[in-house]
Amino acid sequence: MKHPRAAQLLLLAVTASARAAFTWQNVKLGGGGGFIPGIVFHPKTPGVAYARTDIGGLYRLNSDDSWTPVTDSLATDAAWDNWGIDAVALDPQDANKVYAAVGMYTNSWDPNNGAIIRSSDKGATWSSSPLSFKVGGNMPGRGMGERLAVDPNNPKIIYFGARSGHGLWKSTDAGATWSKVANFTATGTYAPDPTDTTGLNSDKQGLTFVTFDSTSSLLNGATSRIFVGTADNITASVYVSNDAGSTWSAVAGQPGRYFPHKCKLSPTEKALYLTYSDGTGPYDGTLGSVWRYDIAAGTWKDITPVSGSDLYFGFGGLGLDLQKPGTLVVASLNSWWPDAQLFRSTDSGATWSRLWEWTSYPNMNLYYSISTSKAPWIGPFIQADTKHLGWMIEALEIDPFDSDHWLYGTGLTLFGGRDLTKWDTKHSITIQVMADGIEETSVQEVASALGGSELLAAVGDDNGFTFKSKGDLNTAPATYWQNPTWSTSSSVDYAGNKPANVVRVGNTGGSDTQQIGISSDGGVSWNIDYGASTSIYGGTVAYSADADTVLWSTSSQGVLRSQYQGSFTAVSSLPATAVIASDKRNNTYFYGGAGAAFYVSSDTGSTFTKGGSLAGAASIRDITAHPATAGTLFVSTDVGIFRSSDFGKTFTRMGTALSDTQQVALGRGSTTDAWVVYAFGDGPAGKKLYASADSGASWVDIQGSQGFGAISSCRLAGSANNAGVVYVGTNGRGVFWAQGTVSGTGNNSPTSTTSTTPTTRTTATTTKPSTTSKTTTTTTTTPTKTSSPTPTSSGVNLAQHWGQCGGIGWTGPSACESPYKCQFQNDYYSQCL
């Protein structure tokens, strides 16, 4: 809704007065966690460099090898796609100026056109120039480039190579305005899959790089020679202008095979080096080549490092040592087995040396070591795979002022080092994780367990992480979630009465591993829950208060339920993909939501019936139960937040200032019994993160200028252990946290924090002792079931009702007190029932 100018000023004044002081910072993983497709060093000023990510924005290098994010303020809810960086360029004459092409997708997933952003203070502030078409920072081919370049002799001139058939664009006013270069007619016609109806792989990938020849003469104050690459594997994919862009032609004698990925100028040699692959990346490429183009002679030379059976990959990353002309490093784009390969030449590509080589299979000579001290979890992560050096290597740069300093980006992190020239002497270098400050994970869920782990973060690609206390938030974890290990954990939850018990689920469909893990030590170590079949995956999970029942709203088979790690069975009374939650104090209660209907179960998720009405709501987005008070819960809907204090029988809307809400969470307030409600929604300051300490009488903006991207993609948790601490999981910038005070009564729950019992009959249950305390080895062999002897009704050493009486590794009583019988639940657990 648009307001008149006077109303806008009033709104800004109200917003400013209702802004709580929360300063945001990243929970530290220290290792990036995602794909880094581009790195650019300033050619004339030491220490200035930027790294671009596909979904996490742009980062600036610091003097201590750490990185600072510089585009967070641009990623508002309406402009979430500004975290997609498809190209970056620096002004060679001014180290303070940086440019980037921003936009996430060129298909319908992104509603916005792209833009060229520019800064004259190294990213502290930005101006934006909208484009008339979309930009694809997370589209296929995003590792090619750079597609954006500043004329080294005239910084007012900038070129940008667009996707989707939009061709070459030019600015003559330092990026303020842009116009199409009409006489450049090549558009880059390649699309990986023209039949793809989503538009992701059917879109033309367009132009791949713009490279100025700084050694060429000036023409009317502009650099005369410019090279442009296109996503074509036909006769021509590299074009040149020798008259400052007035005319263009295909470079004579070019390879005419494969797609050009990187094109770098070696000024002293007056030569170009180019890497090629038969795929546009970042995932594909099974053949490729490396070429050197002598600009003065107009001749091409194939300098591909390997041939024959050794050539089973394309080439991506390319770094030139400007201190030592003719010295360069190239990388395999994707060598999926046994590892990536990097090659170094000191004679312009005439000869090469490898970073590793076979001795006699399966033994290798490794001419490197890897240090993961800045992100210890990456150590076990890469050791669990053959690929230690990485994959998707498109970005590779050597510091133009330090031949020993180099960086290269992978699909996991940023590697590099400070002793690259030892490759030539000792033939052994130290590779380090160099991504400190880059936080690029896509967070699927966050949770904070009252009396348990401070933060549980389920993430894409890297599984997930546990931070036991607030003091751990600024220390990179020692390990990621393992056993089971899969690519992405889609959800995590804890048992309210037994917070050391945690459950998580993964989203790898068709895997040979169950997509559910159980922990009894707060998410430090895990065991596979064999009650699930390998065909179940994805969705969200809820753990009963006493940790005996798991409710799983799956992506594949609707809502399922398991008790005591037994087999999962369908819950027919709850719609598929329903939003679910467990009561954190009463073990028998679960909650669900689908459309406008709210559902309640009082029999540990076996059956659900409709609960109270959410007046005016058409869509339930999220449900969170009070961490300390049974029966008190908060429901987020398309019209705002509703609260219930009677196990979902009745609901009251928490004010009208906040609407169209997404995730909702509770966190500790400023006093022992105070709790604060946090919610993403549309409020007085726009679509942002708000907090209320007075049952919704007022909602305070606690997001401020920090960008979280699209609020519908954010995940939210208030700390259950530390006053005023709140966590936000983002889709591309990891987990943020802040601590502050929200004024109000904190009256978001009854004064008592003890458990209350509803009038509905409850069934006594107990938690199955977890097997994570045992030393276990996962194999493909099915464990032998433990038979349970017939119980006797008298005698000593009898298990009580609900107690364990058998299972693999069980050394306790195997008979039950009368009249109960020992009944098999699963291989690890039999119970007196």
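Owing to the predicted nature of the structure, the values given are computational and were not obtained by experimental measurement.

Novice: What's the story with the pattern of salt bridges in this structure? I'm lost.
Specialist: Under the definition given, this model contains 18 salt bridges. Here D54 ties to R142 by a salt bridge, and the two come within 3.0 Å at their closest N and O atoms. In this pair, D54 is assigned in the loop between β3 (49–52) and β4 (58–61) and R142 in the loop between β9 (127–130) and β10 (148–150), connecting sequence segments 88 residues apart. Each member of the pair, D54 as well as R142, is classed as buried.

Novice: In this structure, what is going on with the sheet that holds strand β54 (residues 664–668)? I would like to understand it.
Specialist: Hydrogen bonds between backbone groups are what pair the strands of a sheet, and the pairing can be parallel or antiparallel. As summarised here, the arrangement of the 4 strands in space is β54-β55-β56-β57, forming an open sheet in which the pairing is antiparallel. Edge positions in the sheet fall to β54 and β57 (700–701), since each of these pairs with one other strand and no more.

Novice: Any chance you could explain the environment of S129 here in plain terms?
Specialist: Considering the arrangement of structural elements, one finds S129 in strand β9. Relative accessible area serves as the criterion here: at 3%, S129 is assigned to the buried category. With 15 residues separating them along the chain, S129 and G114 place their C-alpha atoms 8.8 Å apart. S129 has contacts with A115, I116, R118, G175, A176, T177 and W178, leaving out every residue within four places of it along the chain. Polar side-chain contacts of S129 include one of 2.8 Å to the backbone oxygen of A176.

Novice: Would you explain the pairing of strand β2 (residues 38–41) in this entry?
Specialist: In regular strands, side chains alternate between the two faces of the sheet. Of the two faces of β2, the one lined by G38 and V40 and the one lined by I39 and F41 are each fully buried. One ladder, built from 4 bridges, connects β2 with β3; its direction is antiparallel. When the bridges of β3 are listed, F41 appears paired with A49.

Novice: I tried to follow the sheet that holds strand β7 (residues 94–102) on my own but got confused; where do I start?
Specialist: Read across the sheet, 4 strands follow the order β6-β7-β8-β9 without closing on themselves; strand pairing throughout is antiparallel. Pairing within the sheet leaves two strands with one partner each, and these edge strands are β6 (85–91) and β9. Within the sheet, the average angular offset between the axes of one strand and its neighbour, ignoring direction, is 20°. Across 6 bridges, β6 lies against β7 in antiparallel orientation. When the bridges of β7 are listed, L90 appears paired with V98.

Cut-off values and rules
- Residues numbered from 1 in each chain as written.
- Predicted model: local features only at pLDDT ≥ 70, side-chain atom pairs only at ≥ 80, totals over all residues.
- Heavy atoms only, no water.
- Salt bridge = Lys/Arg side-chain N within 4 Å of Asp/Glu carboxyl O.
- Helix = DSSP H or I, 4+ residues; strand = E, 2+ residues; numbered from the N terminus.
- Buried < 20%, exposed > 50% of the residue type's maximum accessible area, 1.4 Å probe, protein only.
- Pairing = 2+ DSSP bridges.
- Contact = heavy atoms within 4.5 Å.
- Polar contact = N/O pair within 3.5 Å; in protein donor to acceptor, adjacent residues only side chain to side chain.
- Axes fitted to C-alpha atoms, helices over the stretch in contact; angles between N-to-C directions.

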